[in-house]
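Next come the chains, spelled out residue by residue.
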Amino acid sequence: MANPSTYLVAGAGVAGIEAAAAIRDNDNDGRILVAGAEPHPFYARLRLCELVDGRLEVDRLVLRKEDWYRDHRIELMQGVRLDNIETGTATARLSDGTIVSFDRLLLATGSTPFVPPISGAELDGVCTLRTIDDALALRELASRESGSAVVVGGGLLGLEVSVALSNLGMSVTVVDVSPWLLSRQLDPEGGEVIRGILERRGLEFRTATTVESISGHGRVEGVDLAGGEHIPASLVLVAAGVRPNVRVAREAGIEIGRGIIVDDSLETSAPGVFAAGDCAEHRGRVYGIWPASQAQGRAAGAAMAGKDVRYEGTTPSNTLKIADVAVFSIGRVDVEARPDTDTVRDKDVYRRLFRDSEGCLNGAILINDLSERKAIANAVEAGTPYGHGGG
Ligand SMILES: Cc1cc2nc3c(=O)[nH]c(=O)nc-3n(C[C@H](O)[C@H](O)[C@H](O)COP(=O)(O)OP(=O)(O)OC[C@H]3O[C@@H](n4cnc5c(N)ncnc54)[C@H](O)[C@@H]3O)c2cc1C
């Protein structure tokens, strides 16, 4: 009988942990090692803003307890990173000095916040939010400073963290290069609805402009916008997107595009080495969202354990709650590409459907009334008609 396989997973986020679970589902005997750079076990990264303003504490974020790892015979190494790999000999060196010979390796190393090259970005008080440790540091800083904050980026993370900082008593101004908020999830009118609701809660916005520089002496004291406006601030939170963590793959000679390039079985250009989640690029696409990372992790794990897997992509969708405002967005919502649209707007309730030329639904935005979410999601995923007598 062949020796059991050794699987090494780098990254204990949703992609890595879903993959480890899928490996165990398909291989009862293999050894599964997960090296996670953070000193915490797998947690709900997308709920970090609730940790920032104290609605949740760390133990409530943790998604798998110790007995889950024990029951699945998954060896989790917390605070240990994958430093480098040699694909020829299928060996990996970890930050604690361990050398692992693997049969299959998964790179599930996620992404890192992108900080644009703005002068003053190195000042104390300029921060980003990606990890539990970032969230705790931000909470501490916001509680101590309690003055004004500028948030660079009016996307999903920027708005959520703005509300959290406002809950901690800070006056918050959001600056976004796009003319409307949540420009990846919403159309201009949807963005306007969200802006109106958040303005009534005391948040301020500067859209269609950029931060030219951050000023201060050692510590941040304010930001200067492209149009010349100066906004005083004791804290600047940069939420301007992320960049995939590809260093280990690049140094090993694995093919990189914007992320680590994978095929439909999530395998990279190096046989036996797979990638999934925020660090991976599949069919030209780097998703950067939880559902795609989860689906890729699951598919990669099954493929690593020898299953014939074909991952065909994920329909991007987001369900958010920003200051009690429920928002759902799915599929393509770029209005230019969709002449045939269907809109309802009534104060803070907004619903817009996007159809293709045959009347089939391929995108939707719902704000403050999510009652049709499931039926709409099914129609978008299936590419079938909806509404107008279609469903
Ligand atoms: C505050 C916040 C809110 C968000 N909200 C949403 C949302 O509402 N909806 C949504 O869809 N998405 C949201 N996201 C994005 C979502 O969290 C990510 O898409 C998802 O976590 C990606 O999962 P992943 O497993 O690929 O990477 P990650 O979750 O980033 O996990 C990767 C892990 O690998 C570790 N690592 C890195 N390098 C190494 C190495 N060399 N060796 C070992 N370990 C390594 C990292 O430290 C990290 O712990 C949010 C993100 C943040 C930060």
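Above this text is the structure in question.
Residues numbered from 1 in each chain as written. Predicted model: local features only at pLDDT ≥ 70, side-chain atom pairs only at ≥ 80, totals over all residues. Heavy atoms only, no water.

Colleague: What is the right way to read the overall build of the protein from this model?
Modeller: The secondary structure content of the protein amounts to 10 helices and 25 strands. Taking 21 Å as the expected radius of gyration for a compact globule of 391 residues, we find that the protein reaches 22 Å, a close match to that expectation. Dimensions along the principal axes, computed over C-alpha positions, put the protein at roughly 70 × 60 × 35 Å. Considering the protein as a whole, with its 391 residues, one finds that 51% of them fall into the buried category. For the protein, the exposed area adds up to about 17500 Å²; of that, 46% sits on carbon and sulfur atoms. Charge centroids of the protein, computed over 41 positive and 55 negative side chains, lie 3 Å from each other. (Helix = DSSP H or I, 4+ residues; strand = E, 2+ residues; numbered from the N terminus. Rg over C-alpha atoms; globule rule 2.2 N^0.38 Å. Buried < 20%, exposed > 50% of the residue type's maximum accessible area, 1.4 Å probe, protein only. Areas by Shrake-Rupley, 256 points an atom, 1.4 Å probe, with all protein chains shown as cover. Lys, Arg positive; Asp, Glu negative; His and termini not counted. Charge placed at Lys NZ, Arg CZ, Asp CG, Glu CD.)

Colleague: What exactly am I supposed to notice about the site of the ligand here?
Modeller: Not every one of the 32 residues close to the ligand is listed here, only the nearest: Glu38, Arg45, Leu82, Arg130 and Asp278. Glu38 places a polar side-chain atom, nitrogen or oxygen, 2.5 Å from an oxygen atom of the ligand. Residue Arg45 places a side-chain N or O atom 2.7 Å away from an oxygen atom belonging to the ligand. With the chains in place, 93% of the 1000 Å² that the ligand exposes on its own is no longer accessible. The biggest single contributor to the shell around the ligand is helix 9 (residues 290–304), with three residues. Class assignment for the residues of the shell around the ligand results in 16 nonpolar, 11 polar and five charged. (Near = heavy atom within 4 Å. Polar contact = N/O pair within 3.5 Å; in protein donor to acceptor, adjacent residues only side chain to side chain. Nonpolar A, V, L, I, M, F, W, Y, C, P; charged D, E, K, R; others polar.)

Colleague: What's the story with the pairing of strand 11 (residues 171–176) in this structure? I'm lost.
Modeller: For a regular strand, the rule is simple: side chains alternate between the two faces of the sheet. Counting buried residues in strand 11 gives five out of six residues, a clear majority hidden from the surface. Where strand 10 (residues 148–152) and strand 11 come together, five bridges link them in parallel fashion. Each bridged residue has a counterpart across the sheet, and for Val150 the counterpart in strand 11 is Thr173. Running through helix 6 (residues 156–167), the crossover from strand 10 to the neighbouring parallel element strand 11 is right-handed. Pairing between strand 11 and strand 12 (residues 204–207): four bridges, direction parallel. Along strand 12, the bridge assignment pairs Asp176 with Thr207. (Pairing = 2+ DSSP bridges. Right-handed = clockwise from strand over helix to strand, strands pointing away.)

Colleague: Looking at this model, I keep getting lost on helix 7 (residues 188–200). Mind explaining?
Modeller: For an α-helix the count is 3.6 residues per turn, leaving residues at separations of three or four pointing the same way. For helix 7, built from 13 residues, the straight-helix expectation of 18 Å at 1.5 Å per residue is met to within 8% by its first-to-last C-alpha distance of 18 Å. Those residues of helix 7 that sit buried are Gly190, Gly191, Val193, Ile194, Ile197 and Leu198. Taken down its axis, helix 7 places every buried residue within 155° of arc, on the same side. Looking one or two residues past helix 7, Gly202 carries a phi angle of roughly 100°, positive in sign. (Expected span 1.5 Å × (residues − 1). Arc of directions from axis to C-beta.)

Colleague: Any chance you could explain the environment of Glu66 here in plain terms?
Modeller: Within the fold, Glu66 resides in helix 4 (residues 66–71). Distance in space between the C-alpha atoms of Glu66 and Pro41 is 8.7 Å, their sequence separation being 25 residues.

Colleague: How should I be thinking about the pairing of strand 24 (residues 349–355) in this particular structure?
Modeller: Of all seven residues in strand 24, six are buried; the element is thus mostly enclosed. Here strand 24 pairs with strand 25 (residues 361–367) via six bridges, running antiparallel. Looking at strand 25, one finds that Arg352 is bridged to Ile365. Between the antiparallel neighbours strand 24 and strand 25 lie five residues, among them Gly359 with a positive phi of about 90°.

Colleague: I tried to follow a positive patch on the surface on my own but got confused; where do I start?
Modeller: Among the surface-exposed residues, Arg184, Arg243, Arg258 and Arg285 lie close enough to one another that they form a single positively charged patch. Tracing the backbone through its elements, the reader meets Arg243 in strand 17 (residues 242–244). (Patch = residues over 30% accessible without salt bridge, like charges linked within 9 Å, V, L, I, M, F, W, Y side chains within 5 Å. Salt bridge = Lys/Arg side-chain N within 4 Å of Asp/Glu carboxyl O.)

Colleague: Before we go on, may I ask you to explain the sheet that holds strand 4 (residues 82–86) in this structure?
Modeller: Each strand in a sheet pairs with another by means of backbone hydrogen bonds, the pair being arranged parallel or else antiparallel. Taken in spatial order, the three strands of this open sheet run 4-5-6, and their pairing is antiparallel. Looking at the sheet topology across the chains shown, the edges are occupied by strand 4 and strand 6 (99–101). Strand-to-strand twist across the sheet, computed as the mean angle between neighbouring axes with direction ignored, equals 20°. Across three bridges, strand 5 (residues 91–94) lies against strand 6 in antiparallel orientation. Bridged to Thr91 within strand 6 is Ser101. (Axes fitted to C-alpha atoms, helices over the stretch in contact; angles between N-to-C directions.)

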